[in-house]
Amino acid sequence: MLIIGLTGSIATGKSTVSSLLSSPPYSLPIIDADQLARKVVEPGTPGYNAIVNYFGPSTPDLLLPAEHSDGQNTQDASVPPKPRPLNRPALGRRVFGTSEERKRDRMILNKIVHPAVRWEVYKSLLYYYLHGYWAVVLDVPLLFESGMDLICGTVVVVGVSDPNVQMARLRARDAHLSAEDAENRVKSQGDVKGKVEKAEFRGTESARGVIVWNDGDKEELEREVRKAVATIQGRSPRWWAWWLLLAPPLGVGVAAWNLAVNYGIRRRWERKEAGEKAKL
């Protein structure tokens, strides 16, 4: 089974591409890391408790008011109160940004959320493999940053050439964000051009790295997605996925080989970056 890593920066159109890939004629299953990240921090989970314990004392509005938890503000003292959901905008203001304090808090939040999300991802991958899917889309905004690109046979990056367009789309989508908030969120997810460069370094001819540009309208984006899928299928046809399913030892061997290749690509990228920094 081919694992297609889908990534991009915020407001580049990654969610739209994910929706297109999950619909006919592709009908690919989507493992959405954002949805899983919400699942692992629902009230009562270990992730929720860890976030409340760390951020709660210094973030007064970390939790939503009690009436948001169950749709009504009950006064019945005999009924124990339900845990209040996280106030995501408040948590976002706490961790998004470029200051050292925000970087530290974002790192701590990632250490809480990422391990739980990884476990959910691996369970989903096993499910789709056993059900005979030829490919699955792993939708992860921080695919490279989290290291999950290592398990992907192909990485698709959704890019926007102009960062001003990106921030305008973000503010149109999330009207509560100020210009500063939008800029902080864009910067916190990394420069999309850097992700494009990493995908290209993986190899566009081998389809290990595929770029989908989203600078135009939806019709143009659909054409870009159609072209990307055709390129991927040309390198990883359905019959190959069936061979891997019917011959588990072969599947394990191919997975190990793919991991080794991706690890080698990462090491070469790191040496390239180190060489460029040494020249400065």
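Residues numbered from 1 in each chain as written. Predicted model: local features only at pLDDT ≥ 70, side-chain atom pairs only at ≥ 80, totals over all residues. Heavy atoms only, no water.

J.: Is there a simple way to explain the UniProt feature "transmembrane region" (unreviewed entry) in the protein chain in this structure?
T.: According to UniProt, the "transmembrane region" (unreviewed entry) feature falls on residues 239–261. Between the C-alpha atoms that bound residues 239–261 the distance is 22 Å, and the span itself is 96% helix and 0% strand. (UniProt positions renumbered as here; feature names shortened; annotations may be inferred. Helix = DSSP H or I, 4+ residues; strand = E, 2+ residues; numbered from the N terminus.)

J.: Whenever I open this one, the nonpolar core confuses me. Can you help?
T.: Nonpolar side chains tend toward joint burial in soluble globular proteins. In terms of nonpolar packing, the biggest core is built from 35 residues, with Ile31, Ile51, Val113, Val121, Leu138 and Val157 touching the most fellow members. Breaking this core down by element, the ones donating at least two residues are α2 (33–39), α3 (46–55), α5 (88–95), α6 (100–130), β3 (135–139), α7 (143–146), β4 (154–159) and α10 (192–203). Among the elements that take part in this core, α6 stands out by supplying seven residues, more than any other. Residues lining this core come from more than one domain, with at least three contributed by each of domain 1 (1–29 + 133–279) and domain 2 (41–64 + 82–132). Contact partners of isoleucine 31, with chain neighbours within four places excluded, come to Leu36, Val121, Ser124, Leu125, Tyr128, Val136, Val137, Leu138 and Asp139. With 22 residues, the next largest nonpolar core counts Leu2, Ala135, Ala207 and Ala241 among its residues. (Core = buried A, V, L, I, M, F, W, Y, C linked by side-chain atoms within 4.5 Å. Buried < 20%, exposed > 50% of the residue type's maximum accessible area, 1.4 Å probe, protein only. Domains from an automatic or database assignment. Contact = heavy atoms within 4.5 Å.)

J.: Sorry if this is basic, but what is going on with the pattern of salt bridges here?
T.: A pair can form between side chains of opposite charge whenever their charged atoms are brought close. Within the structure shown, the criterion is met by twelve salt bridges. As a salt-bridge pair, aspartate 139 and lysine 14 come within 2.6 Å of each other at their nearest N and O atoms. Placement of aspartate 139 in strand β3 and of lysine 14 in helix α1 (residues 14–22) is noted, with a sequence separation of 125 residues between them. Of the two residues examined, aspartate 139 and lysine 14, each falls in the buried class. Here arginine 104 and aspartate 105 are joined by a salt bridge, their closest N and O atoms 3.3 Å apart. (Salt bridge = Lys/Arg side-chain N within 4 Å of Asp/Glu carboxyl O.)

J.: I would appreciate a short explanation of the pairing of β3 in the present structure.
T.: When a strand is regular, its side chains alternate between the sheet's two faces. A large share of β3 lies buried, amounting to five of its five residues. Residues Ala135, Val137 and Asp139 line one face of β3 and the alternating positions Val136 and Leu138 line the opposite face, and both faces are buried. Relative to β3, strand β2 (residues 30–32) is paired through three bridges, and the arrangement is parallel. The residue bridging aspartate 32 from the neighbouring strand is aspartate 139, located in β3. (Pairing = 2+ DSSP bridges.)

J.: Looking at this structure, how should I read the packing of aromatic side chains?
T.: How two aromatic rings sit relative to each other is given by the distance of their centres and the angle of their planes. In total, this model carries five aromatic pairs according to the counting rule given. Here the aromatic rings of tyrosine 54 and phenylalanine 55 are separated by 4.7 Å at their centres, their planes lie at 85 degrees, and the arrangement is edge-to-face. Relative accessible area serves as the criterion here: at 32%, tyrosine 54 is assigned to the partly exposed category. For phenylalanine 55, a relative accessible area of 0% corresponds to the buried category. Aromatic pair phenylalanine 201 and tryptophan 269: ring centres 5.3 Å apart, planes at 70 degrees, arrangement edge-to-face. Of this pair, phenylalanine 201 sits in helix α10 while tryptophan 269 sits in helix α13 (residues 248–279), placing them 68 residues apart in sequence. Residue classification places tryptophan 269 among the buried residues on the basis of a relative accessible area of 10%. Every member of this aromatic cluster is reached through a ring pair, and the members are Tyr127, Tyr128 and Tyr133. (Phe/Tyr/Trp six-rings, centres within 6.5 Å; stacked < 30°, edge-to-face > 60°.)

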